[in-house]
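What follows is each chain in one-letter form.
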Amino acid sequence: MYGSENNREDSDRTAFRRAEKKYKLYYDNNASFKNKKKKQPKPVDLTEVFDFRSILECHHRNGELPPDVIVLQDKFSSPVFSLQNRPGFYFIPGALSIEKQCDLIRESLTDFPQPPNRTNHNAIYGPIHNLFVAAKQGKVLVEEKSPITSPEPSTDFGCRDGEEWKFTTEKEASLRKCRSVSGSALLRKLRWSTLGLQFDWSNRNYNMSLQHNKIPEALCELAKQLAKPALPAGVEFQPEAAIVNYFASGDTLGGHLDDMEADWSKPIVSLSLGCKAIFLLGGKTREDPPLAMFLRSGDVVLMAGEARECFHGVPRIFTDKENAEIGHLETQLTHEDDLCFLKYIQTSRININIRQVF
């Protein structure tokens, strides 16, 4: 559903797989001996990548649009683009203000991964509290043996009964003979967190029995407003679940479908934060050639109806200064309390996907 589908049938012969390989980050193995310690990314041909921000600027200047691109201006405060050959797909460039982007980056790193919300770390370490703060303070997560106090089986598969992990100082961790991992390493390996109704990755469904916090009200209201271009007049989007994806340099999101929600007429509302990425929007089979497009911080994508049946993925994020295009975030996150967020987002991308489950 959310991750890469490693299927033998998905060979290099499919159009989607070829596009993924075309834009994926590869390093140049022929670099000179002098530069071997600093890997050099292989150059990528970006001439065929759709750029909705440039399309918006051109449309503002002379009203022109590329073939098959439609602009909607009566349902939203800023132009919304759709594609004639991808019904149900909408792109809103720069929909989020700089202030809102910074607020969501802070929340994505501090609040959204907080238990009972689940992350990819639950399977090994169980619930981890205050990961970002611990990483900032140089704390280390250590394993502690604890008595089994509950007869209920653990829902955090991989974290066995009698094992508990807690943060401590580096000095104290060095004195213990037990498994440990630094908070900064865990933060770098954070790949997803879930808000609202929790998705069970093992059984590929929404597990109503898993404890969870509701999606924050401010994020719900934002999603409701952003979803309007993809809905008939008078129909309201009901945010019930969300997944936050965290990308570092070299990370990808393989081609997949989001097909576990009951009503596909309701959109997935996707918010982009941080470093620029390439998004692939394919067709209903992997054989359909996908359209590549840039996603920048503040852009919003909606996928509803037929677009929900289209394969899509993220083969590349740009973390180099020339291509990341996060200058506006660097200008905004200058306060001393924000420098830790800035350091993270300079080499990362965050994607928040909000869904109506039922």
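Everything that follows concerns the structure shown earlier in this document.
These figures come from a predicted structure and were not determined experimentally. (Residues numbered from 1 in each chain as written. Predicted model: local features only at pLDDT ≥ 70, side-chain atom pairs only at ≥ 80, totals over all residues. Heavy atoms only, no water.)

So, the packing of aromatic side chains
For the structure shown, the criterion picks out eight aromatic pairs. With centroids separated by 6.5 Å and ring planes inclined at 10°, the aromatic side chains of phenylalanine 89 and phenylalanine 279 adopt a geometry described as stacked. Residue phenylalanine 89 is located in strand β3 (residues 86–92), and its partner phenylalanine 279 is located in strand β13 (residues 277–281); the two are separated by 190 residues in the primary sequence. Taken individually, phenylalanine 89 and phenylalanine 279 each receive the classification buried, so the pair is uniform in this respect. Seen in terms of ring centroids, tyrosine 125 and tryptophan 165 are 4.8 Å apart; in terms of plane orientation they differ by 90°. Their pairing is edge-to-face. Residue tyrosine 125 is found in helix α4 (residues 122–125), and its partner tryptophan 165 is found in strand β5 (residues 163–168); the two are separated by 40 residues along the sequence. Through successive ring pairs, a cluster of aromatic residues spans Phe50, Phe52, Phe81 and Phe91. Over the aromatic face of phenylalanine 294 sits the side chain of lysine 276, whose NZ or CZ is 4.4 Å from the ring centroid. A cation sits over an aromatic face here: lysine 276 above phenylalanine 318, 5.2 Å from the ring centre. (Phe/Tyr/Trp six-rings, centres within 6.5 Å; stacked < 30°, edge-to-face > 60°. Helix = DSSP H or I, 4+ residues; strand = E, 2+ residues; numbered from the N terminus. Buried < 20%, exposed > 50% of the residue type's maximum accessible area, 1.4 Å probe, protein only. Lys NZ or Arg CZ within 6 Å of the ring centre and 35° of its normal.)

Section: the sheet that holds strand β14 (residues 291–295)
Across a sheet, paired strands are connected by hydrogen bonds in the backbone, their directions being either parallel or antiparallel. Strand order in the open sheet made by the four strands is β11-β16-β13-β14, with antiparallel pairing throughout. The strands lining the two open edges of the sheet, one partner per strand, are β11 (253–256) and β14. On average, adjacent strands in this sheet sit at an angle of 25° to one another, irrespective of strand direction. Pairing geometry for β13 and β14, over five bridges, is antiparallel. Its bridge partner being in β14, phenylalanine 279 is matched across the sheet by methionine 293. (Pairing = 2+ DSSP bridges. Axes fitted to C-alpha atoms, helices over the stretch in contact; angles between N-to-C directions.)

Concerning the pairing of β3
Across the seven residues of β3, six count as buried, placing the element largely inside the fold. Bridge analysis of strand β2 (residues 80–83) against β3 gives three bridges, and the strand direction is antiparallel. Directly across from serine 82, in β3, lies its bridge partner tyrosine 90. Here β2 hands over to β3 after two residues, the two strands then running antiparallel side by side. For β3 and strand β15 (residues 300–303), the ladder comprises four bridges, and the chain directions are antiparallel. Considered in β15, the bridge of phenylalanine 91 is made with valine 301.

Let's talk about the pattern of salt bridges
The final tally for this structure, using the stated rule, is 24 salt bridges. A salt bridge links arginine 53 to aspartate 299; its shortest N-O distance comes to 3.5 Å. Taken together, the positions of arginine 53 in helix α2 (residues 52–62) and aspartate 299 in the loop between β14 and β15 put the pair 246 residues apart, joining distant regions of the chain. Across the pair glutamate 143 and arginine 179 runs a salt bridge, and its minimum N-O distance is 2.9 Å. Here the residue glutamate 143 occupies a position in strand β4 (residues 140–145), and arginine 179 occupies one in the loop between α6 (170–175) and β6 (180–182), the gap between them amounting to 36 residues. Several salt bridges share partner residues, and in doing so they unite Glu144, Glu164, Lys166, Glu172 and Arg176 into one network. (Salt bridge = Lys/Arg side-chain N within 4 Å of Asp/Glu carboxyl O.)

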